[in-house]
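Fold and geometry: a report
Residues per chain, in single letters:
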Amino acid sequence: MRFRILGPTQVVLADGREVPVGGPRLRTLLVLLLLDAGRVVSAERLIDGLYGEHPPRGAANALQSQVSRLRQALSAEYDPVEFHPAGYRLAVDPGDVDAYRFERLAEAGRRALVDGDWSRAAAVLREALELWRGPALADAVGAAGAPAQAARLDELRLAATEDRVEADLALGAPGALIAELRELVVAHPLRERLRGQLMRALAALGRSAEALAEFEDARHTLAEQLGVDPSAELAAVHLAVLRGEERLSAEPALPSQLTTFVGREEELKRVGELLGERRLVTLTGPGGAGKTRLAIEAAGRVDGEVRLVELAGLADGSDVPQAVLSALGLRDAGLRASAEPGRQTIDRLVEALAERRLLLVLDNCEHVLVDAARLAARLLSACPALRVLATSREPLGLAGEALCPLSGLTVPPLGASALDADDYAAVGLFAQRAVDVAPDFTVTPTNVEMVLRICRSLDGLPLAIELAAARLRALSVAEVAARLDDRFRLLSTGSRAVSPRHRTLRAVVGWSWDLLDDAEREVARRLTVFAGGATLEAAGRVCGLPTSEFVDALTGLVDKSFVEMTGGRYRMLETVRAFCAERLAEAGEADQLRRAHTAYFLEFAWTASDHLRCAEQLHWLRRLDAERDNLHAALRRATAAGDAPDAAGMVAALSFYWWLRGMRGEGARLATDVLELLGTEAPPGLNEEFALCVYNASLAGSGPLPSLGTQRSVIRSLDRPPRQPFLLYLSGISTGPPSGGAENVDELMAELRRLVGPDAWINALGAMGTGSALMWSGQWDRARTALATALDSFRSTGDRWGTMITLGVLGELAAWQGDPELAGAHMDEAMGLVEALGSAVDQADMLRTRGEIRLRAGDLAAAYDDFAGALLLAQRSGAPEFVASARLGLAQVARLRGDLAAARRFCEEALVGGLTGWYVGDAARAEIILALKEITEAEEAGARPSADGA
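Description of the structure in this document.

Reading the values: the criteria
- Residues numbered from 1 in each chain as written.
- Predicted model: local features only at pLDDT ≥ 70, side-chain atom pairs only at ≥ 80, totals over all residues.
- Heavy atoms only, no water.
- Helix = DSSP H or I, 4+ residues; strand = E, 2+ residues; numbered from the N terminus.
- Buried < 20%, exposed > 50% of the residue type's maximum accessible area, 1.4 Å probe, protein only.
- Areas by Shrake-Rupley, 256 points an atom, 1.4 Å probe, with all protein chains shown as cover.
- Pairing = 2+ DSSP bridges.
- Axes fitted to C-alpha atoms, helices over the stretch in contact; angles between N-to-C directions.
- Contact = heavy atoms within 4.5 Å.
- Core = buried A, V, L, I, M, F, W, Y, C linked by side-chain atoms within 4.5 Å.

Observations regarding the overall build of the protein chain
- Secondary structure summary: the protein chain contains 42 helices and 12 strands in total.
- For the protein chain, with 950 residues in total, the buried portion stands at 52%.
- A total accessible area of about 40,600 Å² is found for the protein chain, and carbon and sulfur atoms account for 52% of it.

Some points on the sheet that holds strand β4 (residues 81-84)
- Strands sit in the order β3-β5-β4 across an open sheet of 3 strands; the sheet is antiparallel. Every interior strand has two partners, whereas the edge strands, β3 (40-42) and β4, have only one. Ignoring strand direction, the axes of neighbouring strands in this sheet form an average angle of 30°.
- Bridge count for β3 against strand β5 (residues 87-90) is 3 bridges, and the pairing is antiparallel. Paired with S42 across the two strands is G87, which belongs to β5.
- In this fold helix α1 (residues 24-34) packs onto β3 and β5, with an angle of close to 80° to the strand it touches most, β5.
- In the packing of helix α3 (residues 59-74) onto the sheet, contacts are made with β4 and β5, and the angle to β4 comes to roughly 150°.

Points about the sheet that holds strand β10 (residues 402-405)
- Spatially, β7-β8-β9-β6-β10 is the arrangement adopted by the 5 strands of the open sheet, whose pairing is parallel. Each having just a single partner strand, β7 (305-310) and β10 make up the two edges of the open sheet. Pairwise comparison of adjacent strand axes, ignoring direction, gives a mean angle of 15° for this sheet.
- Judged from the 6 bridges that link them, β7 and strand β8 (residues 358-363) form a sheet pairing that is parallel. By the bridge assignment for β8, V306 is matched with L359.

Observations concerning the pairing of β5
- In the sheet, β4 pairs with β5 via 4 bridges, with the strands oriented antiparallel. Paired with E82 across the bridge in β5 is R89.
- Adjacent in sequence and paired antiparallel, β4 and β5 are bridged by 2 residues.

Topic: the nonpolar core
- In this structure, L527, F562 and W801 are the most contacted members of the largest nonpolar core, which totals 152 residues.
- Considering every element that reaches this core, the biggest residue donor is helix α28 (residues 644-660), with 13 residues.
- Those residues within four positions of F562 in sequence are excluded, and the remaining contacts are V509, S512, W513, L516, A524, L557, M572, V576 and C580.
- Counting 51 residues, the second-largest nonpolar core is a separate cluster that includes I5, V11, L34 and A150.

Dropping the structure here:
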């Protein structure tokens, strides 16, 4: 017997015949029972639902009469209505009720969508939606509680429709969706996800103008009805349409999992419910309890944008904000970064997330707990649309924090029947992981008692169970069970000051350690010097063993689950790493390994720095990204050990990388620490390194720093050619160009060439500086010649960054000379390069530059789009200097259109923050003040500026 309540109430037999239920009141009774199918519903609830606030006298008898009639309608053959002392129960399988079946299918479709299985998602979601035949609970609209249930089901139906549309878009069928999406948008004008899907479908068919019109309609509707702006997600779709992107899919924010998720369904449900009610949820429990995996699974089921921040690789709590910034795909700053005193990375995060609907997953907070808690508190208080899901061995300790504690998976209690072993999640996990290493393994009557003993002894902790299952490569189940039992007995009487969960995990890791041979133990303890994993080459060089012996030992560690190998890198689980680090200290090798690690990564940093100015720039940027944790760990260790040459050398080697990746805040903190070691003057032989430490520290607006004088004095202080040529750029933007203009730039470059000899990259940088100075002094022909030389030189070296910034200057020059077509060509090429470099902030700067070019050409609509796109990117990236310049551009557009009120508003907003510390800041501020003066004059004169004004 099947029951249908997604529409008019129906009861259908297996052969398809419909069972007549009776009148409205009987149908209402059936619906009320079906909403709790399989569970007892109290008589009071049924009476309230049937008769409302004024039940008849003898309502209990009336209810019994209705139940009797319902039994007769459903026939004695089935008779699913049961009487209980507390009420009545409809003894049917919830799977036989269409509403329950719909919810299960909709959830399965959502999971398939998250996993990228578009075809399955579309098919399952269609099956779910086909169950609907009309309004939910149509025959019980007046029953108490039914309207809320109907509204919930309607919301799930709409969400499932959106998911099905998402799957269809991914399958490449935008044309067939447009008519349906238009109807849905009309029916639900405030549903931004539907708006975005319609815009994407239109853009995919080349109908960008219609897509942009949809955004404008959404913006007006939201403003008029709710007084709010479009969400960051819808604004991102708008920007992508402006940029001509046809496929607007986001990068996966959560890592794909290689193994199945076992035994946490109840916890998964609870986390989902908590995330729907609270803004801070923390998964707590011992190491190895599966907090990270549960967080990833729960986040994957959440609507909207999700970002995972992995904190395990951090050595210092002050790096937490930078880790969040990196996970969000944001940079610390752009090419003209602000050095406003006191400005912190967390302030940029607040600006970037102020209106962004996002779930932030902070993973492994325990070793940076205070800093993670402080960051979460600041972000949650300042960003109302933000939610945080944290994992930690202890709570963050914040007001409003909802905790979801985890312990082990369910294990069979003592005395439980071996026949029921498969019902327990710990046994299921052990069996699944055992098959991974021993394909023929199964739980049998012969070994089931041993399996149960292992799971009980390990308290059901997933990490411990997985390590135990991995031992089946070399040991029988009985041998594993016996060894684990001995180990736990030994540690159960240990120090009471150590937490029980720590003792349990130490037993697992200690037992695994005992299984290693001498070479494996040596490699295992030495690998702990790495932060964030290691390549095979790095691990071999630092560990210092003969190649063949090292490779054999490392292979053994991977086989024994002591080390993981993913993406060509070797990593240790944090619990294992902590255990092995103790063994490294016991062996007296810690300082030796620190020096080897620093030496390797200092050499790597210099090699990479040389390649950053060549055609291999992108490849080496990726390599540096992969080794960032190791590079910064080596720098911190050298600083802490008082090793000034290595610490200062690492700052020098990483300077250009920090700039290209926008890590100015983090680089500044590291450089400031090294400056404390170096003192107020350059130590002998470290003039260049000292200067680079000062410049990097100044980028974050640090306190009083040693004075280096002018760019000329810095160059003259060098007793050898700079090993880091980027020093020349940093000195220029920090102190400004020579006061004498282009001639003094030429003189300075001639002096530099005498020091360094021929160098294509330095010559290109000098030519660009000369060309910029000539352009600003009005010598346009000479400027074009110098800039063309710079462009050819940067292209010959393969440096995309230098080519990009030179093209930007050439674009401005062409616009000044009245050649918008050439200016557009330069800017198009520059935009392509900045996208290849992956810098959202530099993209904002290039959009702003192109907007100024289009403004000068009188194309106000195109200029507005560029400034609006630059503003959005700058806001999402937390870059106030580009926010200010984009708003100035929007003000100029508004002024030329005659909207003086909007122009004034944009200018006043542009003056707020972000314009201090750099020599270009005063010029930007002067531009804004001049624009305000022009607006004031126009207001006073009552005149509108001409459309061809600039």
